[in-house]
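Tertiary structure, described
Residues per chain are reported as follows:
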Amino acid sequence: DLSLKRVDNGDDARIATEWFDMAKQLWAIMRVASRRLKLPVNMLYKAVALPLYELHLDYEDDIYEPRFSKHPLALLRDELARDPLSSASTVVSGDGDRDSNSSSSSTMCAVRRGADDELSVLQRSLSNLERKLQPSEEQPASGVISRVVLECIEARLFSKPVQFSQQIRAICFAPSGVSKLQRALSRAVADVHTEEEPVSVHVQGPPMYMVTATSRIRSRASQLVQDVFERVRRHLSALGGECALAED
């Protein structure tokens, strides 16, 4: 009875599980970056993530086989952990020439060669995407894509989520002011809230409310709280109400 046979794949099962987990993280990075850049996630994924997979996969007989046991994102994490400053400047600068000391040698292990190659591919992919998208009111300015994508990668791989909270004072004097105030708060949170960066509003006792945002980048969490405040303020101002940041 084959259903009772226990199959132990050893390293194959572990490697497959790690690849699956890292693939989900890479998709989450592309999704967060696409929202910040206001670009389609599929376009960003094809331009940035797929070249990384193509570098580390051998295509033969309609089957993709990994060259290395580690996922490309794991190799990038190892490289940034060893030298985060030089790695970041290399990717963002858009300079096609890497330092001669970082060139691969015959004594370097396969994992290190993979990480170096991956950084070069990431650099070229981001540079090509920025050249393809001409800066305009709808498109990010030159250099912004590289900076945002690298920030998202580092935040996802190295940072722990942090919370930022700000107390606000909101009042609405219009008829049915309570319900309109509730709608203003709910609409503002819905516009800003995402699965990766949740935002919430809690009543501390009218007219005081606490706005809380969670992000892997503290400045980003602060900006999310500010966005909620601005949206509530604009909505209540049109109704004759008011919204202000609470004094410390």
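What comes next concerns the included structure. (Residues numbered from 1 in each chain as written. Predicted model: local features only at pLDDT ≥ 70, side-chain atom pairs only at ≥ 80, totals over all residues. Heavy atoms only, no water.)

Secondary structure summary: the protein chain contains 8 helices and 6 strands in total. The order of helices and strands in the protein chain, counted from the N terminus, is α-α-β-β-α-α-α-α-β-α-β-β-α-β. Pairs at least 24 residues apart make up 67% of the contacts formed inside the protein chain by residues separated by at least 6 positions. Per element, the accessible surface of the protein chain, about 14600 Å² overall, is 50% carbon and sulfur. (Helix = DSSP H or I, 4+ residues; strand = E, 2+ residues; numbered from the N terminus. Contact = heavy atoms within 4.5 Å. Areas by Shrake-Rupley, 256 points an atom, 1.4 Å probe, with all protein chains shown as cover.)

With that out of the way, let us pick up helix H7 (residues 177-192). Helix length check: H7, at 16 residues, gives a terminal C-alpha distance of 23 Å against a target of 22 Å (1.5 Å per residue), a fit within 8%. Residues Gly177, Leu181, Ala184, Leu185, Ala188, Val189 and Val192 constitute the buried set of H7. The buried side chains of H7 occupy one side of the element, clustering within an arc of 125 degrees when seen end-on. Of the residues in H7, the exposed ones pointing more than 90 degrees away from the buried face are Ser186 and Ala190. (Expected span 1.5 Å × (residues − 1). Buried < 20%, exposed > 50% of the residue type's maximum accessible area, 1.4 Å probe, protein only. Arc of directions from axis to C-beta.)

What follows is about the packing of aromatic side chains. Given two aromatic rings, their pairing is described by the distance between the two centres and the angle made by the two planes. All told, the structure shown has 2 aromatic pairs when counted by the stated rule. Seen in terms of ring centroids, tryptophan 19 and tyrosine 53 are 6.4 Å apart; in terms of plane orientation they differ by 40 degrees. Their pairing is tilted. Highlighted residues: tryptophan 19 in helix H1 (residues 11-37) and tyrosine 53 in helix H2 (residues 41-56), separated in sequence by 34 residues. This pair shows no difference in class: tryptophan 19 is buried, exactly as tyrosine 53 is. (Phe/Tyr/Trp six-rings, centres within 6.5 Å; stacked < 30°, edge-to-face > 60°.)

As a further point, take the pattern of salt bridges. Opposite charge on two side chains makes pairing possible when the charged atoms of those side chains draw close. Going through the model one piece at a time under the given rule, you end up with 8 salt bridges. Its salt-bridge partner being glutamate 242, residue arginine 169 comes within 3.0 Å of it at the nearest N-O pair. Within this pair, whereas arginine 169 is found in strand S3 (residues 162-171), its partner glutamate 242 is found in strand S6 (residues 242-245), the two being separated by 73 residues in sequence. Note on glutamate 242: relative accessible area 38%, which makes it partly exposed. Note that glutamate 230 is salt-bridged to arginine 233, the shortest N-O span being 2.7 Å. Taken as a pair, glutamate 230 and arginine 233 lie in helix H8 (residues 218-238) at a separation of 3 residues, close to a single helical turn. Assessed through its relative accessible area of 31%, arginine 233 is described here as partly exposed. Bridged by salt links that share partners, the residues Arg31, Arg35 and Glu196 form one connected network. (Salt bridge = Lys/Arg side-chain N within 4 Å of Asp/Glu carboxyl O.)

As a further point, take unusual backbone geometry. Residue proline 206 is joined to proline 207 through a cis peptide bond whose omega torsion reads 5 degrees. Its place among the elements puts proline 207 in the loop between strand S4 (199-205) and strand S5 (208-215). Unusually for a residue other than glycine, serine 176 sits at a positive phi of about 55 degrees. Within the secondary structure, serine 176 is located in the loop between S3 and H7.

Attention now goes to H8. With 21 residues, H8 should cover 30 Å at 1.5 Å per step; its first-to-last C-alpha distance of 31 Å lies within 8% of that length. Those residues of H8 not exposed but buried are Ala221, Leu224, Val225, Val228, Phe229, Val232 and Leu236. For H8, the angular spread of the buried residues around the axis is 135 degrees, confining them to a single face. For H8, exposure combined with an orientation more than 90 degrees from the buried face picks out Ser219 and Ala238. Each element contacted by the buried residues of H8 is listed here: S3, H7, S4, S5 and S6. Phi turns positive, to about 85 degrees, at glycine 240, one or two residues after H8.

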